[in-house]
Amino acid sequence: QADFMAMSTAGLNAVRIPFGYWAVTGPTKGEPFVGPCLLVLDQAISWARQSGLQVILDLQAAPGGQSGSAASGREDRTWNYKHWAVQETYEVIDLVARRYAQEPCVSGFAVLSDPCDTIPVD
């Protein structure tokens, strides 16, 4: 909480909060993550609101990964786009969007950070 207040006191007006899918739906079997833990995200948003900060939510890691880079929650040189669990990603995005749609301090939602540039667009 003190960090949010310090950001506000320093003159910042927004904070980006990155999170992995496991914070929303829990980890996929065999993955080393802990979750779900939406109450932690709720708490951070509450602290931002109390500090007068806007929030940009950032889905940093999708189920199955959106790339093989560490930014997706895994570093895997054998990763390819077929590992990405697209439908599960849509479900995470939908849940987060509905949960925070009426939260006045949430002013943005980056729906997927750093996707691989070889994912087909069709």
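As a starting point, this report considers the structure included with it. For clarity, every value in this text was computed on a predicted model and none was experimentally measured.

### What about the overall build of the chain?
- In terms of helices and strands, the chain carries 4 helices and 3 strands.
- Ordered by position in the sequence, the α and β elements of the chain form the string α-β-α-α-β-α-β.
- Oriented by its inertia axes, the alpha-carbon framework of the chain measures out at about 45 × 30 × 25 Å.
- The buried share among the 122 residues of the chain stands at 39%.
- Total accessible area on the chain stands at roughly 7200 Å², and carbon and sulfur atoms take up 56% of it.

### Focus on the nonpolar core
- Judged by nonpolar contacts, the single largest core of 25 residues is most densely connected at Ile17, Phe19, Leu41, Ile45, Val55, Leu57 and Tyr100.
- If you list the elements that add at least two residues to this core, you get strand 1 (14-20), helix 2 (22-25), helix 3 (38-50), strand 2 (54-61) and helix 4 (86-100).
- At 5 residues, helix 3 tops the list of elements feeding residues into this core.
- Apart from the residues within four sequence positions on either side, Val55 is in contact with Val15, Ile17, Ile45, Ala48, Cys105, Val106, Ser107 and Gly108.

### Remarks on the packing of aromatic side chains
- Summed over the entire model, instances satisfying the criterion amount to 4 aromatic pairs.
- A ring pair is formed by Tyr21 and Trp22, whose centres lie 5.3 Å apart and whose planes are at 80°; its orientation type is edge-to-face. Accessibility classification places Tyr21 together with Trp22 in one group, the buried group.
- Consider the rings of Trp22 and Phe33, whose centres lie 3.6 Å apart with planes at 10°: the pair is stacked. Within this pair, whereas Trp22 is found in helix 2, its partner Phe33 is found in the loop between helix 2 and helix 3, the two being separated by 11 residues in sequence. Residues Trp22 and Phe33 agree in their burial class; the two are buried.

Calculation rules
Just so you know, the residues in each chain are numbered from 1, in the order the chain's sequence is written. The predicted origin of the model limits local features to residues at a pLDDT of at least 70 and limits the giving and counting of side-chain atom pairs to 80 or more, whereas totals for whole chains, interfaces and linings rest on all residues. To get the side-chain values, all heavy atoms of the structure are used, and hydrogens and water are removed first. In DSSP terms, a helix is any run of H or I states spanning at least four residues, a strand is any run of E spanning at least two, and both are numbered starting from the N terminus. Residue exposure (1.4 Å probe, protein chains only): buried if accessible area is under 20% of the type maximum, exposed if over 50%, otherwise partly exposed. Per-residue accessibility takes into account occlusion by the displayed protein chains alone, with areas from the Shrake-Rupley method and a 1.4 Å probe. Buried Ala, Val, Leu, Ile, Met, Phe, Trp, Tyr and Cys residues form a nonpolar core when they are joined through side-chain atoms within 4.5 Å. Should any heavy atoms of two residues lie within 4.5 Å, those residues are counted as being in contact. Geometry of aromatic contacts follows a simple scheme: Phe, Tyr and Trp rings, the Trp one being its six-membered ring, pair when their centres are within 6.5 Å, and the pair is stacked under 30 degrees between planes, edge-to-face over 60, tilted otherwise.

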